[in-house]
Amino acid sequence: MFIAVTQTGSLSAAATRIGVPLPTLSRKIALLESDLNMQLLERTARGCRVTEAGSRLFEHASGGIEALQEAERLIMSAQARLVGRLRLSLPQSFEPWWELLGLFQRAHPDIQISVYSTERRVDLLADGVDVALRVGAIADDTVVARHMLSFRHILVASPRLVERPGALNHPADLNRYPCAAWGSTLDARPVWMLGGHSSPVPATFTVNDYLHLRARAIAGDVVTELPSFLAAEPLKRGELVELLPEHPFPDTPLHLVYRRQRHPSTIVRTYLDFCSTHLSIIEDRCRAPSHE
């Protein structure tokens, strides 16, 4: 019951999830706190927030409950078909992973997948995420990281925009063009690492959505950066051209991360192995254009 309240953030939601009367659940939680002689949950107007002591209990107890549920699934599944739920976090607009998820669910139709798409680096424990796809370096000793691949961003614009007078041969030349950049906040001051050098972006527009940036670039409004997989098709169709290829962005690592625990569930292990086995799908989509 405590684990359900922690995961849902609400006594009433937990009662509904596990199918017990709300008064019973509330009384049992109070008894647990009394037995341990410590407060595990702070009641708020919006639900419940776990205390530091409660967080420690949840971290250890949830692994035991998950192991029990895993054992039950294995025993009850007569044909060894995986049944259960997989909670994932993906970066926004990361299109190559959508195809892989479709393949995984077709291979395992009895697994219910819930995806939380966000630019935010989620807390796997607090947010109830089984596996997160993370872009960039990993500096978190509470998770296990499995490196998938590296990709890079590219600088692009509509051919119409760069037909204007004035060659664009050096990052300093960007000051002559309207630029747009990805920004995590409204006050973001974007910087592009071009050719190993930091270049402040003369941005007239910032947004935390690469699909929006792509649309503005195709419309001929701006020069912008895009992940290689979002630029590939517009480049093939001639809607965009790559700029300053001799000043490339650095490679960006991509990892799957999951909580550091002794025994990841069978569903989590199956998902991790499936992604590794079918990595060529992602690599083909993330490959930067060749300039040979």
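Provided above is the structure to which this section pertains.
Residues numbered from 1 in each chain as written. Predicted model: local features only at pLDDT ≥ 70, side-chain atom pairs only at ≥ 80, totals over all residues. Heavy atoms only, no water.

Novice: Lay out the overall build of the chain in plain terms, naming residues and giving numbers.
Specialist: Helix and strand counts for the chain come out as 10 helices and 14 strands. C-alpha extents for the chain along the principal axes are approximately 75 × 45 × 30 Å. Counting all 292 residues of the chain, 42% fall into the buried class. Within the chain, counting contacts between residues at least 6 apart in sequence, those at least 24 apart form 72% of the total. On the chain, roughly 15,900 Å² of surface is accessible, and the fraction owed to carbon and sulfur atoms is 52%. (Helix = DSSP H or I, 4+ residues; strand = E, 2+ residues; numbered from the N terminus. Buried < 20%, exposed > 50% of the residue type's maximum accessible area, 1.4 Å probe, protein only. Contact = heavy atoms within 4.5 Å. Areas by Shrake-Rupley, 256 points an atom, 1.4 Å probe, with all protein chains shown as cover.)

Novice: Requested: an account of the packing of aromatic side chains, with residues and values cited.
Specialist: The full count for this structure, using the stated rule, is 8 aromatic pairs. Seen in terms of ring centroids, Phe-94 and Phe-151 are 5.9 Å apart; in terms of plane orientation they differ by 80°. Their pairing is edge-to-face. With Phe-94 in the loop between strand S3 (84-90) and helix H5 (95-107) and Phe-151 in strand S6 (residues 143-151), the pair connects residues that are 57 residues apart, well separated along the chain. Of the residues examined, Phe-94 reaches a relative accessible area of 3% and is grouped as buried. For Phe-151, a relative accessible area of 3% puts it in the buried group. Summarising the aromatic geometry, the rings of Phe-104 and Tyr-271 are spaced 5.4 Å apart at their centres and angled 80° between planes, so their arrangement reads as edge-to-face. Here Tyr-271 lies in helix H9 (residues 266-277) and Phe-104 lies in helix H5, a separation of 167 residues in the sequence. Look at Phe-104 and you get buried, because its relative accessible area is 0%. Of the residues examined, Tyr-271 reaches a relative accessible area of 0% and is grouped as buried. (Phe/Tyr/Trp six-rings, centres within 6.5 Å; stacked < 30°, edge-to-face > 60°.)

Novice: So what about the sheet that holds strand S7 (residues 153-157)? Which residues, and what values?
Specialist: Ordered by their spatial adjacency, 3 strands build an open sheet running S12-S7-S13, and the pairing between neighbours is antiparallel. Bordering the open sheet on either side are strand S12 (224-227) and strand S13 (241-243), each of which pairs with just one other strand. Averaged over all adjacent pairs, the angle separating strand axes in this sheet is 55°, with direction ignored. The pairing of S7 with S12 spans 4 bridges and is classified as antiparallel. Across the sheet, Val-156 pairs through a bridge with Thr-224, a residue of S12. Against the sheet, helix H7 (residues 210-218) engages S7 and S12, with an angle of about 130° to S12. (Pairing = 2+ DSSP bridges. Axes fitted to C-alpha atoms, helices over the stretch in contact; angles between N-to-C directions.)

Novice: Give me the lowdown on the sheet that holds S3, citing residues and values where you can.
Specialist: Overall, mixed pairing links the 5 strands, which are arranged S4-S3-S5-S14-S6 in an open sheet. Because the sheet does not close on itself, it has two edges, and the strands there are strand S4 (111-117) and S6. If you compare each strand with its neighbour and ignore which way they point, the axes differ by 20° on average. Alignment of S3 against S4, held across 7 bridges, turns out to be parallel. Residue pairing across strands places Leu-86 opposite Ile-113, the latter belonging to S4.

Novice: Give a detailed account of the pairing of S7, specifying residues and quantitative values.
Specialist: For S7, the buried fraction is high: 5 of the 5 residues fall into the buried class. Burial along S7 is two-sided: His-153, Leu-155 and Ala-157 facing one way and Ile-154 and Val-156 facing the other are all buried. Judged from the 3 bridges that link them, S7 and S13 form a sheet pairing that is antiparallel. Note on S13: the bridge partner recorded for Leu-155 is Leu-243.

Novice: Quick one: what's the story with the nonpolar core, residue by residue and with numbers?
Specialist: Counting 42 residues, the largest nonpolar core has Leu-86, Trp-97, Val-131, Leu-149, Leu-256, Tyr-271 and Ile-282 as its most contacted members. Tallying contributions element by element places H9 first for this core, with 6 residues. The residues contacting Trp-97, other than those within four sequence positions of it, are Leu-90, Leu-133, Met-148, Leu-254, Leu-256, Tyr-271, Cys-275 and Ile-282. Formed by 15 residues, the second largest nonpolar core is a distinct cluster that contains Cys-179, Ala-181, Trp-192 and Val-223. (Core = buried A, V, L, I, M, F, W, Y, C linked by side-chain atoms within 4.5 Å.)

Novice: Can you lay out the side chain of Arg-87 for me, pointing to particular residues and giving the numbers?
Specialist: Mapping Arg-87 onto the fold places it in strand S3. Among the polar contacts made by the side chain of Arg-87, one reaches the main-chain carbonyl oxygen of Gly-128 at a distance of 3.3 Å. (Polar contact = N/O pair within 3.5 Å; in protein donor to acceptor, adjacent residues only side chain to side chain.)

Novice: Pulling in residues and values, what's your account of the environment of Pro-190?
Specialist: Inspection of the secondary structure puts Pro-190 in the loop between strand S8 (179-182) and strand S9 (191-194). What makes Pro-190 buried here is its relative accessible area of 15%. Distance from Pro-190 to Asp-221, taken between C-alpha atoms, is 18 Å for residues 31 residues apart in sequence. Other than its neighbours up to four places away in sequence, Pro-190 contacts Ala-181, Trp-182, Pro-200, Val-201 and Thr-206.

Novice: Go over the packing of H5 against H9 with me, naming the residues and quoting the values.
Specialist: Relative orientation of the contacting elements H5 and H9 amounts to 125°, with a least axis distance of 11 Å. As judged from the angle between their axes, H5 and H9 are oblique. Both H5 and H9 take part in a crossing whose hand is right-handed. Facing Trp-97, Leu-100, Leu-101, Leu-103, Phe-104 and Ala-107 of H5, the residues of H9 in contact are Thr-270, Tyr-271, Phe-274 and Cys-275. The residue makeup of the contact of H5 with H9, split by class, is 9 nonpolar, 1 polar and no charged. (Parallel < 35°, antiparallel > 145°, perpendicular 65-115°, else oblique. Left-handed = near helix turned anticlockwise from the far one by under 90°. Nonpolar A, V, L, I, M, F, W, Y, C, P; charged D, E, K, R; others polar.)

Purely geometric numbers; function is a separate question.
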